[in-house]
Amino acid sequence: MLDNMTPPQVKKVLSALDGKGLRERVCIEVSGGVNLENIRDFGMLDVNLISVGGLTYAASSIDASLQITRILK
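Definitions and cut-offs
- Every residue gets a number counted from 1 within its own chain, in the order that chain's sequence is written.
- Thresholds applied to this predicted model are a pLDDT of at least 70 for local features of residues and 80 or more for the giving and counting of side-chain atom pairs; totals over whole chains, interfaces and linings are not thresholded and use all residues.
- Here the side-chain values reflect all heavy atoms present in the structure, with hydrogen atoms and water set aside.
- Here a helix means four or more residues in a row that DSSP labels H or I, a strand means two or more in a row labelled E, and each is numbered from the N terminus.
- Buried, partly exposed and exposed residues are distinguished by accessible area as a fraction of the type maximum, computed with a 1.4 Å probe on protein chains only: under 20%, between the cut-offs, and over 50%, respectively.
- Buried Ala, Val, Leu, Ile, Met, Phe, Trp, Tyr and Cys residues that are joined via side-chain atoms within 4.5 Å together make up what is termed a nonpolar core.
- The contact criterion used throughout is that any non-hydrogen atoms of two residues lie within 4.5 Å.
- A helix's residues, less one, multiplied by 1.5 Å, set its expected span.
- It is the directions from the helix axis to the C-beta atoms whose arc is reported.
- By salt bridge we mean one thing: a side-chain nitrogen of Lys or Arg within 4 Å of a carboxyl oxygen of Asp or Glu.
- Pairs of N or O atoms are called polar contacts if they sit within 3.5 Å, as long as, within protein, a hydrogen donor faces a hydrogen acceptor (for residues adjacent in sequence, only side-chain-to-side-chain pairs).

A. Seen up close, unusual backbone geometry. Even without a glycine there, the phi angle at N4 is positive, about 55 degrees. With respect to the helices, strands and loops of the structure, N4 is situated in the loop between β1 (2-3) and α1 (7-19).

Quick look at the structure:
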């Protein structure tokens, strides 16, 4: 996982992995600081996964519960 890196920093890491012949042996995920404005820049890189936390931060939530009652006869 490459966390809180800029696209140029990610590109540098990928180049280093390529140079050592390791790129095909690892799964690369970028995360942290990725948003809907810059996701295209990350998508242009040779990464396997992109995490966008903003998608979940904006989601609203509800408080739900489940009560199960057993009736004895």
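Having put the structure on the table, let's press on.
B. Local environment of the environment of R70. Mapping R70 onto the fold places it in the segment after α3 (54-57). For R70, a relative accessible area of 72% gives the class exposed. When the C-alpha atoms of R70 and G19 are compared, they prove to be 64 Å apart, with 51 residues separating the residues in sequence.

C. Quick peek at the nonpolar core. Residues L2, V10, L14, L17, I28, V30, V34, F42, L45, V47 and V52 constitute the largest nonpolar core, which totals 11 residues. It is α1 that contributes the most residues to this core, three residues altogether. Once you skip the residues sitting within four places of it in the chain, L14 turns out to touch R23, I28, L45, D46 and V47.

D. Representation of α1. With 13 residues, α1 should reach 18 Å at 1.5 Å per residue; the first-to-last C-alpha distance of 18 Å fits that figure. Here α1 has its buried residues at V10, L14 and L17. Each buried residue of α1 lies within a common arc of 60 degrees when the element is viewed along its axis, so the set occupies one face. Of the residues in α1, the exposed ones pointing more than 90 degrees away from the buried face are P8, K11, K12 and G19. Check the buried side of α1 and you find it contacts β1, β2 (29-31) and α2 (39-43). Directly beyond the C-terminal end of α1, a positive phi value near 70 degrees is found at G21.

E. Summary view of the pattern of salt bridges. Going through the model one piece at a time under the given rule, you end up with one salt bridge. One salt bridge connects R23 with D46, and the closest N-O pair in it is separated by 3.8 Å. Of this pair, R23 sits in the loop between α1 and β2 while D46 sits in the loop between α2 and β3 (49-50); the two residues are 23 residues apart in sequence, bridging distant segments of the chain. Here R23 falls in the buried class, since its relative accessible area comes to 5%.

F. Molecular detail of the side chain of E29. Position of E29 among the secondary structure elements: in strand β2. A distance of 2.3 Å separates polar atoms of two side chains, one belonging to E29 and the other to S51. Residues within four places of E29 in sequence aside, it is in contact with M1, L2, L49 and S51.

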